[in-house]
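Architecture and fold: a report
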Amino acid sequence: MPSNLNPLGALPFRFRRERVLIVGCGDVGLRVSRQLRGRVGLLALTSSADRLPELRAHGVTPLRGNLDDSASLRRLAGLATRVVHLAPPPGDNPDWRSDPRTLALLRTLRLRGRPQSLVYGSTSGVYGDCQGDWVSETRGVNPNTPRAVRRVHAEALVRLFGRATAARTHILRIPGIYAPDREGGTPRGRLLKGTPVLRAQDDVYTNHIHADDLARACVAALWRGKPQRVTNASDDTQMKMGDYFDLAADLYQLPRPARLPRSTAREQLPLMLLSFMGESRRLDNRRMKEELRLVLRYPTVEEGLRGA
């Protein structure tokens, strides 16, 4: 294949190994790097000079750039054979419906060659409120919040990129991420604050994924994910939000949170928290386990929290 058509481009031999670029290399991105360290070349985009030593300590080559400054991304073109995109859309974009960060990244990746595969970490919030129904990947999106609307836009950009470049793009729809070794990764802090939850008759189903299992899902999707597909990245837990916090309180030997009717909760809880309490769904994760062949290390929240 001519070098100008090869996804690796006309690069020296020492660069012709698999190279994975992680965009949005926070907690989950670093867990992805631990899964791949020593097997592939690892690159990560960062806008912070303070993070350079941390990334290098994880065996990752940092690349300075900012998704909000498209000119700073040009060095990414042609570098990676596979990409994991975990960066969220901006919250203060004047056009609240779009994700300019994903647009800037994908435009850059098209400048020279193309990655063989790209995995995008979206959110299960794109489904909106499903009234507690089971939700498979074939269900249409119905975002109820601006942040979910921006994710729908990002997903569309990723699909268009896949069709235009023949790269294998795969979207993971991610619920609440937890892990005892993750900052804010357990409900303990909220329990200590005594934040109330909804009473049983008003409660909503909630979904979770352990951060380590999510990292493993990202890696599996990079190599096994079918092109132009969506996968629910969720554990097997079928639990309402109040029951989840009751379980955590019992495990931590803390008082269970108070229960409130929805009408009272509107007056006492912040809008962000209320938005989560306004959506109820149960994610069907069979595609993740069958197509990505992922065996969950923490199939339920209880097992993940007990693992702490």
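What you are looking at is a predicted structure, and each value in this text was computed from that prediction instead of being measured. (Residues numbered from 1 in each chain as written. Predicted model: local features only at pLDDT ≥ 70, side-chain atom pairs only at ≥ 80, totals over all residues. Heavy atoms only, no water.)

Concerning unusual backbone geometry
Quick note on the threshold: Elements are defined by DSSP. Helices are runs of H or I of four residues or more, strands are runs of E of two residues or more, and each kind is numbered from the N terminus. For every residue, the accessible area (1.4 Å probe, protein chains only) is compared with the maximum for its type, and the residue is labelled buried under 20%, exposed over 50%, or partly exposed between those bounds.
Of note, Gln-131 is a non-glycine position whose phi angle comes to about 60°, a positive value. Position of Gln-131 relative to the elements: it lies in the loop between strand E5 (117-123) and strand E6 (134-135). Of note, the phi angle at Arg-293 is positive, near 55°, even though the residue is not glycine. Residue Arg-293 is classed as exposed on the basis of its relative accessible area of 55%.

Describing the nonpolar core
Formally: What makes a nonpolar core is a set of buried Ala, Val, Leu, Ile, Met, Phe, Trp, Tyr and Cys residues whose side-chain atoms join them at distances within 4.5 Å. The contact definition used throughout considers only heavy atoms, calling two residues in contact when any of these lie within 4.5 Å.
If you look at the biggest cluster of nonpolar residues, it comprises 31 residues, and the most contacted ones within it are Val-20, Val-32, Leu-36, Leu-172, Leu-214, Cys-218 and Met-288. When residues of this core are assigned to their parent elements, the largest contribution, 8 residues, is made by helix H6 (residues 211-224). When residues no more than four places from it in sequence are discounted, the contact partners of Leu-214 are Val-28, Leu-172, Ile-174, Ile-177, Ile-209 and Ala-233. Listed in part, the 24 residues of the second largest apolar core include Leu-21, Leu-73, Leu-76 and Val-158.

Concerning H6
Defined as follows: For a helix, the expected span equals 1.5 Å multiplied by the number of residues minus one.
For H6, with 14 residues, the first-to-last C-alpha span of 19 Å sits near the 20 Å given by 1.5 Å per residue. Most of H6 is tucked away: 11 of the 14 residues are buried. Among the residues of H6, those classed as buried are Ala-211, Asp-213, Leu-214, Ala-215, Arg-216, Ala-217, Cys-218, Val-219, Ala-220, Ala-221 and Leu-222.

Description of the packing of aromatic side chains
Keep this limit in mind: Only Phe, Tyr and Trp rings are paired, with Trp represented by its six-membered ring, and only when their centres lie within 6.5 Å; those with planes under 30 degrees apart are stacked, over 60 edge-to-face, the remainder tilted. Here, a charge over a ring is recorded when the distance from Lys NZ or Arg CZ to the ring centre is within 6 Å and its angle to the ring normal is within 35 degrees.
Using the criterion set out here, one finds 1 aromatic pair in the structure. Positioned above the aromatic ring of Tyr-205, the side-chain terminus of Arg-282 is 4.4 Å from the ring centre.

Thoughts on the pairing of strand E3 (residues 61-64)
Heads up, the condition is: For two strands to be treated as a pair, DSSP must find no fewer than two bridges joining them. By convention, a crossover is right-handed whenever its connection, traced from the first strand over the helix to the second and viewed with the strands pointing away, goes clockwise.
For strand E2 (residues 41-46) and E3, the ladder comprises 4 bridges, and the chain directions are parallel. If you follow Leu-43 over to E3, its bridge partner there is Thr-61. At this point the chain moves from E2, through helix H2 (residues 52-57), to the parallel E3, and the crossover so formed is right-handed.

With respect to the confidence of the model for the chain
Basically, it comes down to this: Think of pLDDT as the predictor's per-residue confidence, scored from 0 to 100.
When pLDDT is averaged across the chain, the result is 93; 94% of the residues are at 70 or more. Note on residues 1-5: pLDDT is under 50 here. Beyond four places in sequence and across chains, it has 4 contacts.

Points about the environment of Ala-80
Along the chain, Ala-80 turns up in the loop between E3 and strand E4 (82-85). For the pair Ala-80 and Glu-183, spaced 103 residues apart in the sequence, the C-alpha separation amounts to 29 Å.

Quick word on the packing of helix H1 (residues 27-36) against H6
Between two packed helices, what matters for the description is the angle formed by their axes and the separation of those axes. Defined as follows: To obtain each axis, a line is fitted to C-alpha atoms, and for helices this fit is confined to the stretch in contact; angles are then taken between N-to-C directions over 0 to 180 degrees. Roughly parallel refers to an angle under 35 degrees, roughly antiparallel to one over 145, roughly perpendicular to one between 65 and 115, and oblique to any angle outside these ranges. Left-handed describes a crossing whose near helix is turned anticlockwise from the far helix through less than a right angle; right-handed describes the clockwise counterpart. Ten residues, namely Ala, Val, Leu, Ile, Met, Phe, Trp, Tyr, Cys and Pro, are considered nonpolar, four, namely Asp, Glu, Lys and Arg, are considered charged, and the remaining ones, Gly among them, are considered polar.
Two elements in contact, H1 and H6, have axes whose closest approach is 8 Å; the angle formed by their N-to-C orientations is 60°. Considering the angle they form, H1 stands oblique to H6. For the pair H1 and H6, the crossing hand works out as right-handed. For the pair formed by H1 and H6, the contact residues are Asp-27, Val-28, Arg-31, Val-32, Gln-35 and Leu-36 on the first element and Ala-211, Asp-212, Leu-214, Ala-215, Arg-216, Cys-218, Val-219 and Trp-223 on the second. Tallied by class, the residues present in the contact of H1 with H6 amount to 9 nonpolar, 1 polar and 4 charged.

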